[in-house]
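Chain by chain, the residues run as shown.
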Amino acid sequence: DRVQEWYAERGLRPCVQLPETLGPRAPGFRRPPDAVTAALTERGWASEAPTLMLVGDIRRMAPRATTYPLRAAWADAPDEPWWQLDGSDAGRRAEALAAPARYLTVREQAGGVVAVGRMTVPADWCGLTNLVVQPGKRGHGHGRWALEAMLAEAARLGARFAYLQVLEENTVARALYE
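Residues numbered from 1 in each chain as written. Predicted model: local features only at pLDDT ≥ 70, side-chain atom pairs only at ≥ 80, totals over all residues. Heavy atoms only, no water.

S.K.: Any chance you could explain the packing of aromatic side chains here in plain terms?
M.R.: One pair of aromatic rings is described through two measures. These are the centre distance and the angle between the planes. Evaluation of the coordinates by the stated rule reveals five aromatic pairs. Plain terms: the ring middles of Trp 6 and Tyr 7 are 5.0 Å apart, the flat faces sit at 75° to each other, and that makes the pair edge-to-face. The exposure class of Trp 6 is partly exposed, given its relative accessible area of 36%. Counting every residue linked through ring pairs, the aromatic cluster contains Trp 82, Trp 83 and Tyr 103. (Phe/Tyr/Trp six-rings, centres within 6.5 Å; stacked < 30°, edge-to-face > 60°. Buried < 20%, exposed > 50% of the residue type's maximum accessible area, 1.4 Å probe, protein only.)

Listed below in structure tokens is the structure:
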């Protein structure tokens, strides 16, 4: 009831995130409904966009030794070209701005935005979100380079570990992150 009230007060659709149990995940495994899932189902809530939480030790992630022809810039707030590639609506923008973060913009030499990313570094953990590559530029290593730039910046800021969420069905992004 309180979750629904909180969202209603803000004119938003209520949602909750339910983690699966820890441990190995066999192919096709689905956790049986627990009391919370059952209660939400009874109220008409539906499961949407199953995601995976990936974590890693930055100290063990060696970047590839390659040169990169594009420019990376960091900012404490996103600019309009960053938002345009990110594609977030007003609600998602508010979420992205709710906590201090660093915003990566990768541009071509001519100035066009190729990739963007958002990173928070509370203590020694780095949270990576909103990593997006321009659709026409995908498959050329820009996402990998942007991810490596984010991890390098996180390490520079003192992070030892990184985490991110990825849609379970996004096999291309999962392969990059894993």
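S.K.: Looking at this model, I keep getting lost on the pairing of strand E4 (residues 113-120). Mind explaining?
M.R.: One face of the sheet, then the other: side chains in a regular strand alternate in exactly this way. Among the eight residues that make up E4, eight are buried, leaving the element largely enclosed by the rest of the structure. Of the pairings in the sheet, the one linking strand E3 (residues 102-107) to E4 comprises six bridges and is antiparallel in character. Counted as the bridge partner of Leu 104 is Gly 117 from E4. The hairpin turn running from E3 into E4, its antiparallel successor, is five residues long, and Gly 111 in that turn takes a positive phi close to 110°. (Helix = DSSP H or I, 4+ residues; strand = E, 2+ residues; numbered from the N terminus. Pairing = 2+ DSSP bridges.)

S.K.: Just checking my understanding: could you explain a nonpolar patch on the surface for this structure?
M.R.: A surface patch of nonpolar side chains, amounting to about 280 Å² of accessible area, comprises Val 3, Val 16, Leu 18 and Val 36. Residue position: Val 3 is located in helix H1 (residues 2-9). (Patch = residues over 30% accessible without salt bridge, like charges linked within 9 Å, V, L, I, M, F, W, Y side chains within 5 Å. Areas by Shrake-Rupley, 256 points an atom, 1.4 Å probe, with all protein chains shown as cover. Salt bridge = Lys/Arg side-chain N within 4 Å of Asp/Glu carboxyl O.)

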